[in-house]
Amino acid sequence: MSLPAPCREVARPAVSAVRRWLLALLVAFPLAGFAEQEIEVIALRHRTLDQVLPALQPLLEPGGALSGMNDQLIVRASRRNREQIRQALAAIDTPPRRLLILVSQNRDVRAAEQGAELSGRVVIEQEGRVAQPPGGMAGGNRIEIRRGASVVTAQGGDWQGRQAIGGTQRVQVIEGGRASIQIGQSLPVALRQVAYGPQGAVVSEGIVYRDLGQGFYAAPRVSGDRVTLEISPQFDTPGDQGYGSASTQRLVTTITGRLGQWIELGGSSQSSQFGSSGNLSSLRAQSSDSRSVWLRVDELP
């Protein structure tokens, strides 16, 4: 049995209105979630975007956005989240500290020799002689006994020497910056080159200069009263092996410590011993070469 025509015409508009109401309700709910988020531009005063963005990004709420340009921070978030970001930024966007970095590099060379020797000649009547040639010892005492043509010499030595070389470099830098300082001298070194061509070998000689310096490269970061540094100190001195030789020291490390305290970066130590003996002599020698590198970072007012 079918309904009358007037009843069918009344039911269709009612169903269509309900569908439109449900569709509008579904669309309105997602939009309401984003309606609270607004865009805010915050000008940076002391720090750069690269310094503040990594610290603020974890604070951003889901669906928000954080970017920047031209020393301005752009935040899209709810009012509550924007307030959290502003409070965190106030603690980060502060004037960078002024720091004074001091690096002390020292070298201590010690050497010692000990020995004894008996030498001379003894004449037996006039027919023959027994002789021990003198060797000579540094820093010793010598006793000589003569009787006629015979001479007997006794000597002993005890010598000690020490050479201390050191230097301290200092440089100012702002927190988060990079610093480098280098002082030293240039040593002439002979250079000989041989080039082969159509006419045979061509030899050219000249002088080049080798730079020997003392200094360091450092990049400090400060958190509270502690400092972390990436540092590479250098300590070069003329060598003991002759013309143009050099003794060098290099160190690359990352360390952390308190402001105002000396921190030992590292060092090296070498030692050697030498001994010899003969029929009427003996010699003992030893040497040591130690180096150390210390660092301190002070905060300037």
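All of these numbers come straight from a predicted model, not from anything done at the bench. (Residues numbered from 1 in each chain as written. Predicted model: local features only at pLDDT ≥ 70, side-chain atom pairs only at ≥ 80, totals over all residues. Heavy atoms only, no water.)

Undergrad: Could you give an account of the overall build of the protein, with specific residues and numbers?
TA: Helix and strand counts for the protein stand at three helices and 14 strands. Of all 301 residues assigned to the protein, the portion counted as buried reaches 27%. In the protein, the proportion of contacts linking residues at least 24 apart, taken out of those at least 6 apart, comes to 63%. Carbon and sulfur atoms provide 53% of the accessible area of the protein, an area that totals close to 20,400 Å². (Helix = DSSP H or I, 4+ residues; strand = E, 2+ residues; numbered from the N terminus. Buried < 20%, exposed > 50% of the residue type's maximum accessible area, 1.4 Å probe, protein only. Contact = heavy atoms within 4.5 Å. Areas by Shrake-Rupley, 256 points an atom, 1.4 Å probe, with all protein chains shown as cover.)

Undergrad: Tell me about the layout of surface pockets, and please be specific about residues and values.
TA: In this structure, the largest pocket occupies an estimated 190 Å³ of space. Residue lining of the largest pocket: Arg47, Gln51, Thr94, Arg97, Glu175, Gly176, Arg221, Val222 and Ser223, and that is the complete set. Per-element accounting of the lining of the largest pocket gives the leading share, three residues, to strand E9 (residues 200-223). When grouped by side-chain class, the residues that make up the lining of the largest pocket number one nonpolar, four polar and four charged. (1 Å grid on protein atoms, 1.4 Å probe; cavity = no way out; pocket = protein on both sides within 12 Å on 5 of 7 lines; lining within 4 Å. Points joined across faces, edges and corners; volume = space filled by probe spheres on them. Nonpolar A, V, L, I, M, F, W, Y, C, P; charged D, E, K, R; others polar.)

Undergrad: Please provide a residue-by-residue account of the pattern of salt bridges, values included.
TA: Here the structure, examined in full by the defined rule, presents nine salt bridges. Across the salt bridge formed by glutamate 40 and arginine 82, the nearest N and O atoms sit 3.0 Å from each other. One end of the pair, glutamate 40, is in strand E1 (residues 38-43); the other, arginine 82, is in helix H3 (residues 79-92), and 42 residues separate them in sequence. Among the salt bridges present, the one from glutamate 40 reaches arginine 86, with a minimum N-O distance of 2.6 Å. Pair noted here: glutamate 40 is in strand E1 and arginine 86 is in helix H3, with a separation of 46 residues, a long-range link. (Salt bridge = Lys/Arg side-chain N within 4 Å of Asp/Glu carboxyl O.)

Undergrad: Account for the nonpolar core, naming residues and giving values.
TA: One finds Ile101, Val103, Phe216, Leu229, Ile231, Leu295 and Val297 to be the most contacted residues of the largest nonpolar core, which totals 19 residues. Of all the secondary structure elements, the ones that give two or more residues to this core are strand E4 (98-124), strand E7 (150-174), E9, strand E10 (226-238), strand E13 (263-277) and strand E14 (281-300). Ignoring any residue separated from it by four or fewer positions in sequence, one finds isoleucine 231 in contact with Val103, Phe216, Tyr217, Ala218, Leu251, Val252, Thr253, Leu265 and Leu295. Judged by nonpolar contacts, the second largest core, of 13 residues, contains Ile42, Leu73, Val75 and Leu89. (Core = buried A, V, L, I, M, F, W, Y, C linked by side-chain atoms within 4.5 Å.)

Undergrad: Before we move on, can you summarise the pairing of strand E3 (residues 72-77) with the specific residues and values?
TA: Of the two faces of E3, the one holding Leu73, Val75 and Ala77 is buried and the one holding Gln72, Ile74 and Arg76 is not buried anywhere. Where E1 lies against E3, six bridges are found, and the strand directions are antiparallel. Paired with glutamate 38 across the strands is alanine 77, a residue of E3. Where strand E2 (residues 65-69) and E3 come together, five bridges link them in antiparallel fashion. Residue pairing across strands places alanine 65 opposite arginine 76, the latter belonging to E3. Counted between consecutive antiparallel strands, the loop separating E2 from E3 contains two residues, among which asparagine 70 sits at a positive phi close to 55°. (Pairing = 2+ DSSP bridges.)

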